[in-house]
Amino acid sequence: WQAFAVETIAAELQRLGRNARVLEFGCGDSTIWLSKLCDRVTSIEHDPDWFAKIQPQVPNVELLLEHRPYYNVCQRYPDETFDIVLVDGRNRKGCIRESALKVKPGGLLLLDDAEREYYKLGIGVILVWDLIPVPAAIPGDRLEQTRIWRRPIPDGHDVPLKLVDRINRARRQV
């Protein structure tokens, strides 16, 4: 992730407290880092060897080994369950599509390597969300793009229905 993304997620977790709910696609160093900041992390991994390497390092994380497409895990959770969703694993387009409704209003969705053309269809699901501005590049920072969106808090009852309709349309198209 780019430095601003680490700072943004850390600040959000500090604001929310240790009880924040986080869903992460693709475990690794970020899972270890998150486990020190938050008590309610669910991380999804598809690679059994990588899972076995990370699992002993994160005893307080709900680390799930799932076959691909592992975004199907989203069906296990009610809508608006997670404060933060981190997409940094396989099939990011599907992960965005399936997890968008699982983000609480006001919650964050992070996509690493957002510059990749393939992910643009996935990003279409959350275009109505607020993109957090990216600060000027920091010397030595990654060239890949990490982007973070905040799910809007609806003013009226029609906004969530429009979002649900948009996500369902995107699911049918992909």
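Time to look at the packing of aromatic side chains. Each aromatic ring pair is described using two quantities: the centre-to-centre distance and the angle formed by the ring planes. Tallied over the full model, the rule gives two aromatic pairs. Ring geometry for Tyr 77 versus Phe 82: centroids 5.1 Å apart, planes at 70°, classification edge-to-face. Classification of Tyr 77 as buried rests on a relative accessible area of 12%. When the ring centre of Tyr 71 is taken as reference, the NZ or CZ atom of Arg 97 above it lies at 5.3 Å.

Now for the pairing of strand β5 (residues 103-111). Where burial is concerned, most of β5 is hidden: seven out of the nine residues are buried. Note that strand β4 (residues 82-87) and β5 share five bridges and pair parallel. Along β5, the bridge assignment pairs Phe 82 with Val 103. Tracing the backbone out of β4, into helix α4 (residues 92-99) and back to the parallel element β5 gives a crossover that is right-handed. One ladder, built from four bridges, connects β5 with strand β7 (residues 147-150); its direction is antiparallel. Bridging across to β7, Leu 110 finds its partner in Ile 148.

Okay, unusual backbone geometry next. The omega torsion across Arg 68 and Pro 69 is 5°, close enough to zero to call that bond cis. Of note in this structure, Glu 80 is not a glycine but carries a positive phi near 60°. Tracing the backbone through its elements, the reader meets Glu 80 in the loop between β3 (62-65) and β4.

Averaged over all residues, the pLDDT of the chain equals 82, while 74% of them reach at least 70. Summarising per-element confidence for the chain, the mean pLDDT is lowest in helix α6 (residues 158-173) (52) and highest in strand β1 (residues 21-25) (96). For the stretch residues 157-161, pLDDT sits under 50, and the model shows two contacts to residues farther than four places along the chain or on other chains.

Next up on the list: the side chain of Arg 97. Position of Arg 97 among the secondary structure elements: in helix α4. Side-chain polar atoms of Arg 97 contact the side chain of Glu 98, separated by 3.0 Å.

When you line up the elements, Glu 45 lands in strand β2 (residues 40-45). Within polar-contact distance, the side chain of Glu 45 engages the side chain of His 46 at 3.5 Å. There is a polar contact of 3.1 Å between the side chain of Glu 45 and the backbone nitrogen of Asp 47. Those residues within four positions of Glu 45 in sequence are excluded, and the remaining contacts are Gly 26, Cys 27, Trp 50, Phe 51, Leu 64, Leu 65, Glu 66 and Tyr 70.

Procedures and definitions
- Residues numbered from 1 in each chain as written.
- Predicted model: local features only at pLDDT ≥ 70, side-chain atom pairs only at ≥ 80, totals over all residues.
- Heavy atoms only, no water.
- Phe/Tyr/Trp six-rings, centres within 6.5 Å; stacked < 30°, edge-to-face > 60°.
- Buried < 20%, exposed > 50% of the residue type's maximum accessible area, 1.4 Å probe, protein only.
- Lys NZ or Arg CZ within 6 Å of the ring centre and 35° of its normal.
- Helix = DSSP H or I, 4+ residues; strand = E, 2+ residues; numbered from the N terminus.
- Pairing = 2+ DSSP bridges.
- Right-handed = clockwise from strand over helix to strand, strands pointing away.
- pLDDT = per-residue confidence, 0-100.
- Contact = heavy atoms within 4.5 Å.
- Polar contact = N/O pair within 3.5 Å; in protein donor to acceptor, adjacent residues only side chain to side chain.

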